[in-house]
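This is what each chain is made of:
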Amino acid sequence: MRDALARLHTLVLQDAILQEGLGAVEDVPAFIEAAVEAARSRDVGLDADDLIALLRRDPLGLDRLARPALIDGFTPTAGWLPTELSWDGVQHTVAWAWFGRRRLVEPFFEGSLRSVLQQPFNRLFRFRTPLAELAAWPASLPTLRPDGFIFHMSRCGSTLVAQMLAGLDAHVVVSEAPPIDAVVQLDRMAAQPGDEAHAALLRAMVGALGQVRNAGESRYFVKLDSWHALALPLFRKAFPDVPWVFLYRDPVEVLVSQARQRGIQMVPDYVPPGFYGLDLPDGVPDEDYWARVLAVVCQAALDGYAEGGGLLVNYAQLPAALHTAILPHFGITATAAERQAMDQAARRDAKAPQFAFAPDSGRKRQAATAAISAASDRHLAEIYHRLETLRLGD
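The numbers attached to residues start from 1 for each chain and follow its sequence in the written order. Local features are withheld for residues below a pLDDT of 70 in this predicted model, meaning they are given only at 70 or higher, and side-chain atom pairs are given and counted only at 80 or more; totals for whole chains, interfaces and linings count all residues. In computing side-chain values, all of the structure's heavy atoms are included and hydrogens and water are not.

With that out of the way, let us pick up the state of the cysteines. Pairs of cysteine sulfur atoms within 2.5 Å are what we label disulfides. This structure, assessed with the given rule, holds zero disulfides. Just so you know, Cys 156 is unpaired, no disulfide at all, and the nearest cysteine sulfur is the one on Cys 298, 8.2 Å from it. The classification of residues rests on relative accessible area computed with a 1.4 Å probe and restricted to protein chains. Under 20% of the type maximum is buried, over 50% is exposed, and intermediate values are partly exposed. Residue Cys 156 is classed as buried on the basis of its relative accessible area, which comes to 1%. The class of Cys 298 is buried, set by a relative accessible area of 1%.

Below, the structure written as structure tokens:
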């Protein structure tokens, strides 16, 4: 059975039409029937019972933790998107999953990925390639040049902006994709690329995610993680002509949000304090530490702003600022119909679109503790004032 499945795996990866056909089948029994028929028509003896065992229910999504097969010298065809980077002890590799024509409409790339990895096609036919081969790949397929990058302080409307942009079928929007973060972090890993190689890999990864997978897709936006403001020099080196925005918010409101549910950027086990150039002597990340992290992020944005290409946007300007400031900064003039379609997203909660949006700035300010207010005053008041002064002076 393993030999037959390996042969079918090879045949599928060489046949874009077969990928499209099998990848579109979400029902497991129907997929098994189609896969067995595809195997038999190519003289591969594959039994349905073998596939039934392999495609058992996986409600916890444990299949995604399995490392796919490594394939050297293979160029993925349209519809395959990179999903993660890993180090196998010898080299960095890129894992790929079949997205086909599925648009990235979830608030975060991770949500889209969880969904596609449950599909039977991806449970059988995922693969990895050497990272060193990535740079040559986007040139072989139609990919979009980014129209704009979205950097942010955290908890300040960046997801709203991304969801509004994703409201148009013509827009490809990649939101906080782990493969981009992994490339950004390469200089902290085992094999450190030089500056030029690092920029080339970032261009390749952004390009690989920005494929034209549906007719009419013509604009491309990338929303980054909050800590990527520290990597602005890398993004500017890789994409010197791509405009960017930095979204920020009243720091007390951001700190209240972090107190309710901390982001991974505030958890030292995930992002060590040294990453921000900070210390944490007692090991306890409290309000003061959160404020210091936010200050580092905002300072990095200010440093990048001084080098050009950026636009500062306060949360209080949203959602109107998408039309009045952000899209014009990205060189885009939306039609009335496009504005109306994007505004639909603003009526929903950006992170939980099943719920209507409800303003919460007032409630967050009221919920601020004395410790939060003190930390904000100590570390963020001055930098917030500088952001506002620069924004209002534009």
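Our focus in this paragraph is empty space enclosed by the protein. Empty space among the atoms becomes visible once a probe the size of a water molecule is rolled across them. The pocket and cavity definitions rest on a 1 Å grid over protein atoms only: a 1.4 Å probe that fits but cannot leave marks a cavity, an open set with protein on both sides within 12 Å along at least five of seven lines marks a pocket, and residues lining either have an atom within 4 Å of a point. Grid points are joined across faces, edges and corners, and a volume is the space filled by probe spheres set on the points. All told, the structure shown has one cavity of 30 Å³ or more when counted by the stated rule. Computed from the structure, the largest cavity encloses a volume of approximately 60 Å³. Polar here means any residue outside two lists: the nonpolar Ala, Val, Leu, Ile, Met, Phe, Trp, Tyr, Cys and Pro, and the charged Asp, Glu, Lys and Arg; Gly therefore counts as polar. Of the residues in the lining of the largest cavity, the class split is four nonpolar, one polar and three charged.

All right, on to helix 9 (residues 195–209) then. Count 3.6 residues to each turn of an α-helix, and residues three or four apart come out pointing the same way. The terminal C-alpha atoms of helix 9, which comprises 15 residues, lie 21 Å apart, in line with the 21 Å expected from a rise of 1.5 Å per residue. Runs of E in the DSSP output that reach at least two residues are strands. Runs of H or I that reach at least four are helices, and both are numbered from the N terminus. All buried positions along helix 9 are accounted for by His 198, Ala 199, Leu 201, Leu 202, Ala 204, Met 205, Val 206, Gly 207, Ala 208 and Leu 209. Working rule for helices: expected span equals 1.5 Å times residues minus one.

Here, a salt bridge means any Lys or Arg side-chain nitrogen found within 4 Å of an Asp or Glu carboxyl oxygen. A complete count under the given rule lists 15 salt bridges for this structure. Here Arg 103 ties to Asp 169 by a salt bridge, and the two come within 3.4 Å at their closest N and O atoms. Of this pair, Arg 103 sits in the loop between strand 3 (92–98) and helix 5 (109–117) while Asp 169 sits in the loop between helix 7 (158–165) and strand 6 (171–175), placing them 66 residues apart in sequence. Glu 253 is the salt-bridge partner of Arg 249, the closest N and O atoms lying 2.6 Å from each other. Relative accessible area serves as the criterion here: at 3%, Arg 249 is assigned to the buried category. Linked through salt bridges whose partners overlap, the residues forming this network are Arg 249, Glu 253, Asp 360, Lys 364 and Arg 365.

A few words on the sheet that holds strand 1 (residues 69–70). The rule for pairing is simple: two strands pair if DSSP sees at least two bridges between them. Taken in spatial order, the four strands of this open sheet run 1-4-3-2, and their pairing is mixed. Sheet topology places strand 1 and strand 2 (80–87) at the edges, where each strand pairs with a single neighbour. As paired elements, strand 2 and strand 3 share seven bridges and run antiparallel to each other. Paired with Trp 80 across the strands is Trp 98, a residue of strand 3.

The subject of this paragraph is the nonpolar core. Ile 180, Leu 202, Phe 246 and Tyr 276 are the most contacted members of the largest nonpolar core, which has 132 residues in total. Element by element, the count of residues in this core is highest for helix 12 (residues 287–306), at 13 residues. Not counting residues up to four positions away in its chain, the partners in contact with Ile 180 are Val 174, Leu 202, Met 205, Val 206, Leu 209, Val 222, Leu 224 and Phe 235. The nonpolar core is taken to be a set of buried Ala, Val, Leu, Ile, Met, Phe, Trp, Tyr and Cys residues, with the residues joined through side-chain atoms within 4.5 Å. Contacts are assigned to residue pairs that have any heavy atoms within 4.5 Å of one another.

With that settled, the discussion passes to helix 3 (residues 28–40). In a regular helix each residue adds 1.5 Å, so 13 residues correspond to 18 Å; helix 3 covers 18 Å between its end C-alpha atoms and thus fits that length. The complete set of buried residues in helix 3 reads Phe 31, Ile 32, Ala 35, Val 36, Ala 38 and Ala 39. Each buried residue of helix 3 sits inside an arc of 160 degrees when the element is viewed along its axis, so together they form one side. For helix 3, exposure combined with an orientation more than 90 degrees from the buried face picks out Pro 29, Glu 33 and Arg 40. Relevant arc is that of directions from the helix axis to the C-beta atoms, nothing else.

A separate point is the pairing of strand 7 (residues 219–223). Strand 7 sits mainly inside the fold: five of its five residues count as buried. Burial along strand 7 is two-sided: Arg 219, Phe 221 and Lys 223 facing one way and Tyr 220 and Val 222 facing the other are all buried. Here three bridges tie strand 5 (residues 148–152) to strand 7, and the two strands are oriented parallel to one another. Across the sheet, residue Phe 149 finds its bridge partner in strand 7, namely Val 222. Bridge count between strand 6 and strand 7: five bridges; the pairing is parallel. Its bridge partner lying in strand 7, Val 174 is registered against Val 222.

Moving on, we come to the packing of helix 11 (residues 251–260) against helix 12. Orientation is described by lines fitted to C-alpha atoms, with helices fitted over the stretch in contact, and by angles between N-to-C directions that extend from 0 to 180 degrees. Two elements in contact, helix 11 and helix 12, have axes whose closest approach is 10 Å; the angle formed by their N-to-C orientations is 125 degrees. Classified by the interaxial angle, the pair formed by helix 11 and helix 12 is oblique. Where helix 11 crosses over helix 12, the two elements pack in a sense that is right-handed. In this structure, helix 11 contributes Val 254, Leu 255, Gln 258 and Ala 259 to the contact, and helix 12 contributes Glu 287, Trp 290, Ala 291 and Leu 294. Taken together, the residues of the contact of helix 11 with helix 12 sort by class into six nonpolar, one polar and one charged. When describing relative orientation, an angle under 35 degrees is termed roughly parallel and one over 145 degrees roughly antiparallel, while 65 to 115 degrees is termed roughly perpendicular and anything else oblique. Take the far helix as your reference; a near helix turned counterclockwise from it by less than a right angle gives a left-handed crossing, and one turned clockwise gives a right-handed crossing.

What follows deals with the pairing of strand 8 (residues 244–248). With five of five residues buried, strand 8 is to be regarded as a mostly interior element. Every second residue of strand 8 is oriented toward a common face, with Trp 244, Phe 246 and Tyr 248 on one face and Val 245 and Leu 247 on the other, all of them buried. Pairing between strand 5 and strand 8: four bridges, direction parallel. Bridge pairing links Phe 149 to Trp 244 in strand 8. In the sheet, strand 8 pairs with strand 9 (residues 310–314) via five bridges, with the strands oriented parallel.

Following the sequence through the fold, Arg 203 ends up in helix 9. Distance in space between the C-alpha atoms of Arg 203 and Arg 145 is 9.3 Å, their sequence separation being 58 residues. When sequence neighbours within four positions are dropped, the list of residues in contact with Arg 203 reads Lys 237, Ala 238 and Phe 239. Whenever a nitrogen or oxygen atom comes within 3.5 Å of another N or O atom, the pair is scored as a polar contact, on the condition that within protein one atom can donate a hydrogen and the other can accept it, and that pairs from neighbouring residues in sequence are kept only if both atoms are in side chains. Engagement of the side chain of Arg 203 in a polar contact is seen with the backbone oxygen of Ala 238, the distance being 3.3 Å.

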